[in-house]
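Summary of the model geometry
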Amino acid sequence: MNNIKFKKLSNYEIKEDGNDFIIEGYGSVFGVVDSDNDIVERGAFTKTIQEMGPRLSLCYQHNLYNPIGKITDLKEDDYGLKFTARISDAEPGIKAKIKEGILKEFSIGYSVVRYEMQNMGEDVRPICRLKE
């Protein structure tokens, strides 16, 4: 397995409802060459969602030992990897930093199990569904 890589989210929204902070958006978009020269295909996250979905947390600085919230919904749709996460009530400092615009970037951590580089004018790494 490869080392964990990170992708900055560019398509998300933060909703504040009373004391709840909900983050909704896409961790990855399908069929588009992204800033890391990856092109993710639909189905690339299927196995991870099935095996790990309920266990995944929203972590601060990708530190698995410092979860700050829970992923409440994670699925693939026609557009990409859609998620909803809720910041924990135990994190008033994180909520304040989000509200003040101090924390304003989010990203996903991922590992690519298998890929093959393709030359599409530049080296592009297609990330595909695992064939069983």
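Just so you know, the residues in each chain are numbered from 1, in the order the chain's sequence is written. pLDDT decides what is reported in this predicted model: residues at 70 or higher carry local features, side-chain atom pairs at 80 or more are listed and counted, and totals for whole chains, interfaces and linings draw on all residues regardless. Based on all heavy atoms of the structure, the side-chain values leave hydrogens and waters out of the count.

**A closer look at the overall build of the protein chain**
- Helix and strand definitions here come from DSSP, where helices need a minimum of 4 consecutive H or I residues and strands a minimum of 2 consecutive E residues; each element is numbered from the N-terminal end. Each helix and strand in the protein chain was counted, giving two helices and ten strands.
- The classification of residues rests on relative accessible area computed with a 1.4 Å probe and restricted to protein chains. Under 20% of the type maximum is buried, over 50% is exposed, and intermediate values are partly exposed. Burial status across the protein chain gives 33% buried among its 132 residues.
- Summarising the internal contacts of the protein chain: among those between residues at least 6 apart in sequence, 58% fall at separations of at least 24.
- Surface exposure here means Shrake-Rupley accessible area, sampled with a 1.4 Å probe, where a residue is shielded only by the protein chains that are shown. Entry remark: accessible area of the protein chain is about 8,800 Å², with carbon and sulfur atoms responsible for 48%. Two residues qualify as a contact provided that any one of their heavy atoms is within 4.5 Å of a heavy atom in the partner residue.

**Comments concerning the packing of aromatic side chains**
- Pairing of aromatic side chains requires ring centres within 6.5 Å, counting the rings of Phe and Tyr and the six-membered ring of Trp. Pairs whose planes differ by under 30 degrees are stacked, by over 60 edge-to-face, and all others tilted. In this structure the tally under the stated criterion is two aromatic pairs.
- Ring centres of Tyr12 and Phe106 lie 5.2 Å apart, and the angle between their planes is 80 degrees; this geometry places the pair in the edge-to-face category. Taken together, the positions of Tyr12 in strand 2 (residues 11-17) and Phe106 in the loop between helix 2 (92-99) and strand 8 (107-110) put the pair 94 residues apart, joining distant regions of the chain.
- With a relative accessible area of 24%, Tyr12 lands in the partly exposed category.
- Arranged with centres 4.7 Å apart and planes meeting at 80 degrees, the rings of Tyr26 and Tyr79 form a pair that is edge-to-face.

**Looking at the sheet that holds strand 3 (residues 20-29)**
- Whether two strands pair comes down to DSSP finding at least two bridges between them. Taken together, the five strands give an open sheet; going across it, the order is 2-3-7-6-5, and neighbouring strands pair in antiparallel fashion. Either end of the sheet is taken by a strand with one partner, and the two such strands are strand 2 and strand 5 (57-59). For this sheet, the mean angle separating the axes of adjacent strands, direction not counted, is 30 degrees. In this analysis an axis means a line fitted to C-alpha atoms, helices contributing only their contacting stretch, and an angle means the value between N-to-C directions, from 0 to 180 degrees.

**What to know about the nonpolar core**
- Working definition of a nonpolar core: buried Ala, Val, Leu, Ile, Met, Phe, Trp, Tyr and Cys residues. They are joined through side-chain atoms within 4.5 Å. Counting residues in each nonpolar core, the largest one holds 23 residues, and the members touching the most others are Leu58, Ile87 and Ile98.
- Breaking this core down by element, the ones donating at least two residues are strand 3, strand 6 (67-76), strand 7 (80-87), helix 2 and strand 8.
- When residues no more than four places from it in sequence are discounted, the contact partners of Ile87 are Phe21, Ile23, Leu58, Ile68, Gly69, Ile94, Lys95 and Ile98.

**Focus on the environment of Gly27**
- Tracing the chain through its elements places Gly27 in strand 3.
- The spatial distance from the C-alpha of Gly27 to the C-alpha of Glu76 is 9.9 Å, given a sequence separation of 49 residues.
- Other than its neighbours up to four places away in sequence, Gly27 contacts Leu9, Leu81, Phe83 and Ile108.

**Observations concerning the pattern of salt bridges**
- Salt bridges are defined as contacts in which a side-chain nitrogen from Lys or Arg sits within 4 Å of a carboxyl oxygen from Asp or Glu. As enumerated under the stated definition, the model contains eight salt bridges in all.
- One salt bridge connects Lys95 with Asp89, and the closest N-O pair in it is separated by 2.9 Å.
- Under the relative-accessibility criterion, Lys95 is labelled buried at 5%.
- Residue Asp89 is classed as partly exposed on the basis of its relative accessible area, which comes to 45%.
- In the salt-bridge network here, residues are joined through shared partners; they are Asp20, Arg86, Asp89 and Lys95.

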